Every structure is written in C-alpha cells, then in structure tokens.
Amino acid sequence: MNPESRKQTAEAFIFVKEENVSIRYRPLVKQGMVLRSHADEDHPGNINYGEGIDYVVDYDRGVIRRTKQSQIPDWSRHELYGQTVFDHAAFKNCSNREFTVYGDYLYENDPFTDSFVAHDSGNRAGMERWLSKLQTGEESSIVVFGDSISAGGEASEEKFMYFNRVHQFLTAYYPRSQIRLLNKSVGGETSKDGMNRIQRDVIALDPDLVIIGFGMNDQNKYGDGVGVPPADFESILRQMIEAVKKLDSSDLVLVTPCLPNPKWWYSSGLTGRYAEIIRRLGREYGVGVADVTAVWEQELAAGKSPGSLLLNNINHPNDYGHWLYFQAFVPLLKA
C-alpha cells in the first residue's frame, strides 16, 4: 500500500434505484472499489458485486450508484420508502439488514479530513492506572455498562461489536496485556434504569476500567417529554461517575451516543444536548470521553445517510457504525 494512502474497509451503503450515493472518502482510481453483501468478506453467504455490472463509481466526484440490472438490493422497495416520519410500531419490518452492502477501497491520506477526534474527546490522563496495567502485563478487567448499543445491538457478528473491537485492538497493541471483558449492558435501558443496578453490576465487580454508554433511550420522545430529561440525565450521570471514582482502582470512559434516524417518530432531536452533558462532565471529572456523537456528525456531514449507518434504520448501528464507535475510542487507547 502506498504510505500516503489508507484503506477503508467495510464502509456501509444503502442504494436507492440508480441514484448517486456519497462515498466517505474519494477512492483512488487505480485500486478500484469492491462491494459485497456482508461486512465479513469470509461470510459463507457473502455475495461479491461486480463493478460496471452491479455498480458504477465516479472516482472524480466520489459517488457510487447501482445499475438498473444490479443484484444489489434497491431500498426503494423498503416499506419505509417515501415516509417522511415513521413510527416503527406501525410497520412490519423497519430493518435495513437486507439492503445494506459493504465496500472496501483505498483513498489518499489527508489528516485534515479523515480525523475522527473531536476537540472534546480524549483525556488519557484519567486512564493512566489502567493503561499502565496493560503495558506491564498485569491482569485487568473492563466492564461495559449501557443500553442495547453497548450490548452489541444489530452487529452481525460478535467480533464487530464496538467493545469487542476495542478488546481486539488492546490485545494487539499491548501484547503483554491480560484483559477480562464483562458486558453488563441491558437493551432498552435509560440512565435511570442503569443507576438502579450500578452497585450490583459495576461497583461490586471493582473493575479496572468502566465504560458507560447511555443517552439514546434517555433522549427518546414520549408525548411532550423524553425518557429522561437532560437535567435529570446530568444528575444521574454525576452519581454514576462519583460512584465509580470512589473505587480505588477503577478508571472510566463515558460514551456519547450515535444519532438516531431523524425521521423516527421517537427521535427528540436532542441527542446533541445529552452528548454535550457527557463531554462537560468528562472535562469536569477528568475522565475519558469517547465522542461517538462527533464522529457520527462527521460521517453525516461527509454525505453518509442515517440509514447507511443504522441497521435497524432507527437507533442501532450496523457493523460500520460499530466501527465508528470504536474509532471514537482509539485516541484513548494508546499510551
């Protein structure tokens, strides 16, 4: 590989008829671009699509489209096609699983356009104890504590779940490390639900690192309100942070949520407010922040559609979306 190029692997796409779709980065022409039906190229049911047959890439403009005769599924056949606002309960199947395809390509390395780090991300200073254990080979444990996304929701395989990607990275980057990963996340929970069980599922385990990821269900719209109002969310998150900081050997990472589909009836549009609370508390308490919201916003600004990042088309990331979660962690993981 050219040292001035980078490889994008398993970027997710949704195609509508023969309409152009933005590619996250502009692919290099000579190396071409390949599309397949699964994020895992070795999946037994994988279909490899043919350039010029199933899809056409405009390398100058950085866009791709399916052909009229393409094998690639056409999202215009999805039952949500044409809906401006939708309630998932009113439809039989909102999922994008059968319509999502994945692409690999090389692109020119540009540090000004391909950085995933937001200015509020990071703070490795709050993780020094844990990183030191990884370097010296001491046994350490990680507890993942959050909602369905942190439980791995919608990832096609366990290895693609963001916390497993984090674990895989750590074992490779710190070859002497001995890490035990425990996931105590529960689908459908808000921060309030999490607070009710943090003593049992986190504090009692005395882990070396705690990853806390709430906010998606908190922001859900219900009538004139939300699941957990921002002020209450801040109060609850403070209690969680302070409970973890009372432990003698536990470091902490807070995770901001991805953005739900804005067309979903229960999306309040307030996710950014919850993310800002998480960032601010991270700075105040000196703990790590994996700023997924900022990474997600960068993807949308680059032309990715919500549906191309959300497998259930509502609020759960696809395999590429879980990779974006992992990218938000990378600045925190290197000592």
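Please refer to the structure placed before this passage.
Let me begin by describing the structure that accompanies this report. Everything numeric here is computed off the predicted structure, so don't read it as measured data.

Here the focus is the overall build of the chain. Helix and strand counts for the chain stand at nine helices and 14 strands. Scaling as 2.2 N^0.38, a compact globule of 335 residues should have a C-alpha radius of gyration of about 20 Å, and the chain matches this with 20 Å. In terms of its C-alpha atoms, the chain occupies a principal-axis envelope of roughly 60 × 50 × 35 Å. Among the 335 residues that make up the chain, the fraction classed as buried is 56%. Long-range contacts, defined here as pairs at least 24 residues apart, represent 75% of the contacts in the chain between residues at least 6 apart. If you sum the accessible surface of the chain, you get close to 14,900 Å²; carbon and sulfur atoms cover 48% of it. Charge-centre separation for the chain: the mean point of 36 positive side chains lies 1 Å from the mean point of 45 negative side chains.

One non-glycine residue, E154, lies in the positive phi region at around 80°. Tracing the chain through its elements places E154 in the loop between β8 (139-146) and α2 (162-173). E154 sits in the partly exposed class, given a relative accessible area of 23%. Even without being a glycine, D206 presents a positive backbone phi close to 45°. With respect to the element layout, D206 can be found in the loop between α4 (198-201) and β10 (209-213).

Moving on, we come to the nonpolar core. Membership of the largest hydrophobic core comes to 45 residues, with the highest contact counts inside it found for W130, Y162, L170, I211, W296 and F329. At ten residues, helix α9 (residues 319-333) tops the list of elements feeding residues into this core. Once you skip the residues sitting within four places of it in the chain, F329 turns out to touch Y162, V166, I211, V253, V255 and A290. In terms of nonpolar packing, the next biggest core, distinct from the first, is built from 25 residues, V143, F145, F233 and L252 among them.

Calculation criteria
Residues numbered from 1 in each chain as written. Predicted model: local features only at pLDDT ≥ 70, side-chain atom pairs only at ≥ 80, totals over all residues. Heavy atoms only, no water. Helix = DSSP H or I, 4+ residues; strand = E, 2+ residues; numbered from the N terminus. Rg over C-alpha atoms; globule rule 2.2 N^0.38 Å. Buried < 20%, exposed > 50% of the residue type's maximum accessible area, 1.4 Å probe, protein only. Contact = heavy atoms within 4.5 Å. Areas by Shrake-Rupley, 256 points an atom, 1.4 Å probe, with all protein chains shown as cover. Lys, Arg positive; Asp, Glu negative; His and termini not counted. Charge placed at Lys NZ, Arg CZ, Asp CG, Glu CD. Core = buried A, V, L, I, M, F, W, Y, C linked by side-chain atoms within 4.5 Å.

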